[in-house]
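Results of the structural survey
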Amino acid sequence: MTADDSFDGRLDDDDYPAYTMGRAAAMLGTTQGFLRALGEARLITPLRSDGGHRRYSRYQLRIAARARELVDHGTPIEAACRIVILEDQLEEAQRINAEYRLAFPG
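To start, this report covers the structure provided alongside it. (Residues numbered from 1 in each chain as written. Predicted model: local features only at pLDDT ≥ 70, side-chain atom pairs only at ≥ 80, totals over all residues. Heavy atoms only, no water.)

It is worth spelling out the overall build of the protein chain at this point. What the protein chain contains, in helices and strands, is 5 helices and 3 strands. Secondary structure elements of the protein chain occur, N-terminal to C-terminal, as α-β-α-α-β-β-α-α. Taken over the C-alpha trace, the protein chain has a radius of gyration of 17 Å; the compact-globule value for 106 residues is 13 Å, which it surpasses by more than 25%. The C-alpha extent of the protein chain, read off along each of the three principal axes, is 55 × 50 × 20 Å. (Helix = DSSP H or I, 4+ residues; strand = E, 2+ residues; numbered from the N terminus. Rg over C-alpha atoms; globule rule 2.2 N^0.38 Å.)

Written as structure tokens, this is what we have:
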């Protein structure tokens, strides 16, 4: 496996921080300040490059997009972040419950 093969594999990883702040903001149609606000609210914590620049994963961009949707509909950013966190926790709990039902039927 070459270094390029390893990099290509990481691009398929939802948690790989592939996007710069500018690119992430452009993809979401929002400002870099909005992304910083989500970080301050502890909804998403971007990783940092060796140079200290924020880097975002696809998973974080999906979370940010959901928060933006709520904010665009008038929800305060702090409340939007809490809603997104609770939605994410509920989805995880439902996934775990489904696994248990498969593992222990009846």
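The subject of this paragraph is the pattern of salt bridges. Enumeration over the complete set of coordinates arrives at 7 salt bridges. The salt bridge partner of Glu-87 is Arg-66, with a shortest N-O separation of 2.8 Å. Placement of the pair is Glu-87 in helix α5 (residues 77-103) and Arg-66 in helix α4 (residues 58-72), with a sequence separation of 21 residues. Accessibility expressed as a relative area gives 31% for Glu-87, which makes it partly exposed. Residues Asp-72 and Arg-68 are paired through a salt bridge, measuring 3.4 Å at the closest nitrogen-oxygen approach. Residue Asp-72 and its partner Arg-68 are located together in helix α4, separated by 4 residues, close to a single helical turn. Classification of Arg-68 as partly exposed rests on a relative accessible area of 27%. Through salt bridges with shared partners, a single ionic network connects Asp-14, Arg-58 and Arg-62. (Salt bridge = Lys/Arg side-chain N within 4 Å of Asp/Glu carboxyl O. Buried < 20%, exposed > 50% of the residue type's maximum accessible area, 1.4 Å probe, protein only.)

Time to look at the sheet that holds strand β3 (residues 54-56). Strand order in the open sheet made by the 3 strands is β1-β3-β2, with antiparallel pairing throughout. Bordering the open sheet on either side are β1 (19-20) and β2 (47-48), each of which pairs with just one other strand. Sheet topology note: the β1/β3 ladder contains 2 bridges and is antiparallel. Within β3, the position partnered with Tyr-19 by the bridge is Tyr-56. Set on the sheet, α4 makes contact with β1 and β3; between it and β3 the angle comes to about 85°. (Pairing = 2+ DSSP bridges. Contact = heavy atoms within 4.5 Å. Axes fitted to C-alpha atoms, helices over the stretch in contact; angles between N-to-C directions.)

Even without being a glycine, Arg-42 presents a positive backbone phi close to 65°. Structurally, the position occupied by Arg-42 is in the loop between α3 (32-40) and β2. On the basis of relative accessible area, Arg-42 is assigned to the exposed category, the value being 70%.

Before going further, it helps to spend a moment on the layout of surface pockets. Counted as a void, the largest pocket has a volume near 240 Å³. In terms of lining, the largest pocket is formed by Tyr-59, Arg-62, Ile-63, Arg-66, Val-84, Glu-87, Asp-88, Glu-91, Glu-92 and Arg-95. Looking at the lining of the largest pocket, the elements that each hand over two or more residues are α4 and α5. At 6 residues, α5 tops the list of elements feeding residues into the lining of the largest pocket. In terms of residue class, the lining of the largest pocket is made up of 3 nonpolar, no polar and 7 charged. (1 Å grid on protein atoms, 1.4 Å probe; cavity = no way out; pocket = protein on both sides within 12 Å on 5 of 7 lines; lining within 4 Å. Points joined across faces, edges and corners; volume = space filled by probe spheres on them. Nonpolar A, V, L, I, M, F, W, Y, C, P; charged D, E, K, R; others polar.)

Keep in mind these values describe shape, not function.
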